[in-house]
Amino acid sequence: MTAAPSAAKVISEEYGSAIVGVYDDIYGELDEASAEITALREWVLRAGGRGAVVELGVGTARVLGPLARSLAGEPGLRFVGIDGSAALLAQAAERYPDVPFDLHESDFSGAGLDAIVPSGSAALVFCVCASFSMLPDPAAQVAALRNIAAMLAPDGVAVIETHSPAFVLEVIGSAPTSMFIPYARHETGLACFSSVEDGIWRMRQTWMDGDRTTSVLERSVLTAPSDLQALAADAGLSVTGLTGGLAGGEFVSPSSPLYAVTLRRDAAAGTS
Ligand SMILES: C[S@@+](CC[C@H](N)C(=O)[O-])C[C@H]1O[C@@H](n2cnc3c(N)ncnc32)[C@H](O)[C@@H]1O
């Protein structure tokens, strides 16, 4: 008998199936020389430039693809992307045919990830663009953080980037509201319907491209930096840095929409 998929896996599957046709239109491409890729590359090199580089919630590999290209000269690295959406993973493989990454369909808060990333083997584990907040509750978030702690090598680093609750609550507001983000190409843009209830940011996003529309629902469990720090401590991880996102810069509350934390494994973690 096959076990029923976890709530976290179902969320990812539904999101991926709804957005796959327009994901790359909405999120675009990251350049190998961008601040985001440069920051991640530095973490890998500082951790010794060997072992696994793992993205949890890799999507269409918008981040892992250029990162792997930028580190192509480092022979001791293995690039691993984990995502719950088979549709998005198929698009990642198609988008970066030159990148020899291992892509796995799995819930990153689930059990058994040591079969994909052996314990203590990762130089860098990252979970960015708010994939972490798609986990349905704090229990799933701690489970994901425990998976991260198990994967990390002693010198390894983890990076989590997610929505800042202060920005959502104080700048956008918790009451139902509508926004429109125009894109550069004529007749394209994103309509967003936002509301917050019980600490969950609900965003209905409708991508418009001429007469074609695609609608996607995203739920973000709002998690403040201090909450993330407490959950991480439960999982044997310590926060070592806080910035206003993967590209760096100061985190300023409430004006920074995102924040990023770096985490390291506590000395005792992984030894029991
Ligand atoms: C907003 S997208 C970000 C994708 C990619 N990191 C990027 O920056 O373009 C969130 C991704 O997380 C994945 N995801 C969410 N929850 C997941 C889970 N529990 N296990 C695996 N993947 C998950 C979704 O399928 C989706 O690909």
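Source: prediction; values computed, not measured.

**Description of the overall build of the chain**
Scanning the chain from terminus to terminus reveals eight helices and 11 strands. Scored against the burial criterion, the 272 residues of the chain give a buried share of 49%. Considering only residue pairs separated by 6 or more positions, the chain has 67% of its internal contacts joining residues 24 or more positions apart. For the chain, the computed accessible surface area is about 12100 Å², with 54% contributed by carbon and sulfur atoms. Averaging the positions of the 16 positive and the 32 negative side-chain charges in the chain gives two centres separated by 3 Å.

**Topic: the sheet that holds strand E6 (residues 177-182)**
The sheet built from four strands is open, its strands ordered E6-E7-E8-E9 with antiparallel pairing. The outermost strands of the open sheet, each flanked by one partner alone, are E6 and strand E9 (212-221). Averaged over all pairs of adjacent strands, the angle between their axes in this sheet comes to 20 degrees, without regard to strand direction. Summarising the sheet, E6 and strand E7 (residues 188-197) pair through six bridges and their orientation is antiparallel.

**Structural notes on the packing of aromatic side chains**
Scanning the model with the defined rule gives four aromatic pairs in all. With a centroid separation of 6.5 Å and 80 degrees between ring planes, the pair formed by Tyr96 and Phe101 is classed as edge-to-face. Per residue, the accessibility class of Tyr96 equals that of Phe101, and both read buried. Centre to centre, the rings of Tyr183 and Trp207 are 4.8 Å apart; their planes meet at 80 degrees, and the pair counts as edge-to-face. Of this pair, Tyr183 sits in the loop between E6 and E7 while Trp207 sits in strand E8 (residues 200-209), and the two are 24 residues apart along the sequence. Trp207 sits in the buried class, given a relative accessible area of 2%. It is Arg46 that lies over the ring of Trp43; its NZ or CZ is 4.6 Å from the centre.

**Observations concerning the site of the ligand**
Taken together, 22 residues lie around the ligand, and Ser12, Tyr23, Glu55, Arg62 and Asp83 are the ones closest in. Gly57 is positioned with one of its backbone polar atoms (N or O) 2.8 Å from a nitrogen atom of the ligand. When isolated, the ligand has an accessible area of 590 Å², and the protein chains bury 100% of it. Ranked by the residues each element gives to the shell around the ligand, the list is headed by helix H1 (residues 7-19), at three residues.

**With respect to helix H7 (residues 165-172)**
Of the positions making up H7, those classed as buried are Pro165, Ala166, Phe167 and Val168. Close packing links the buried residues of H7 with strand E5 (152-163), E7, E8 and strand E11 (258-265). Positive backbone phi, approximately 95 degrees, marks Gly173, located one or two places after H7.

**So, the domain arrangement of the chain**
Splitting the chain by domain gives domain 1 (7-164 + 223-265) and domain 2 (167-218). The straight-line distance from the C-alpha centre of domain 1 to that of domain 2 is 23 Å. Listed by partner, the interface residues are 14 residues for domain 1 and 16 residues for domain 2. At the boundary of domain 1 and domain 2, one finds zero salt bridges. At the junction of domain 1 and domain 2, the tally comes to three residue pairs in polar contact (both at pLDDT 80 or more). Put simply, the parts of the chain that give the side of domain 1 that touches domain 2 at least two residues each are H1 and helix H2 (23-27). Within the side of domain 1 that touches domain 2, the residues separate by chemical class into nine nonpolar, four polar and one charged.

**Re helix H8 (residues 225-234)**
Working note: α-helix, 3.6 residues per turn, so residues spaced by three or four point in the same direction. Those residues of H8 lying buried are Pro225, Leu228, Leu231 and Ala232. Buried residues of H8, viewed axially, fall in a sector of 120 degrees; they line one side. At its buried positions, H8 is contacted by helix H6 (138-151), E5, strand E10 (237-243) and E11. Immediately beyond the C-terminal end of H8, within one or two residues, lies Gly236, with a positive phi of roughly 85 degrees.

About the thresholds
Residues numbered from 1 in each chain as written. Predicted model: local features only at pLDDT ≥ 70, side-chain atom pairs only at ≥ 80, totals over all residues. Heavy atoms only, no water. Helix = DSSP H or I, 4+ residues; strand = E, 2+ residues; numbered from the N terminus. Buried < 20%, exposed > 50% of the residue type's maximum accessible area, 1.4 Å probe, protein only. Contact = heavy atoms within 4.5 Å. Areas by Shrake-Rupley, 256 points an atom, 1.4 Å probe, with all protein chains shown as cover. Lys, Arg positive; Asp, Glu negative; His and termini not counted. Charge placed at Lys NZ, Arg CZ, Asp CG, Glu CD. Pairing = 2+ DSSP bridges. Axes fitted to C-alpha atoms, helices over the stretch in contact; angles between N-to-C directions. Phe/Tyr/Trp six-rings, centres within 6.5 Å; stacked < 30°, edge-to-face > 60°. Lys NZ or Arg CZ within 6 Å of the ring centre and 35° of its normal. Near = heavy atom within 4 Å. Polar contact = N/O pair within 3.5 Å; in protein donor to acceptor, adjacent residues only side chain to side chain. Domains from an automatic or database assignment. Salt bridge = Lys/Arg side-chain N within 4 Å of Asp/Glu carboxyl O. Nonpolar A, V, L, I, M, F, W, Y, C, P; charged D, E, K, R; others polar. Arc of directions from axis to C-beta.

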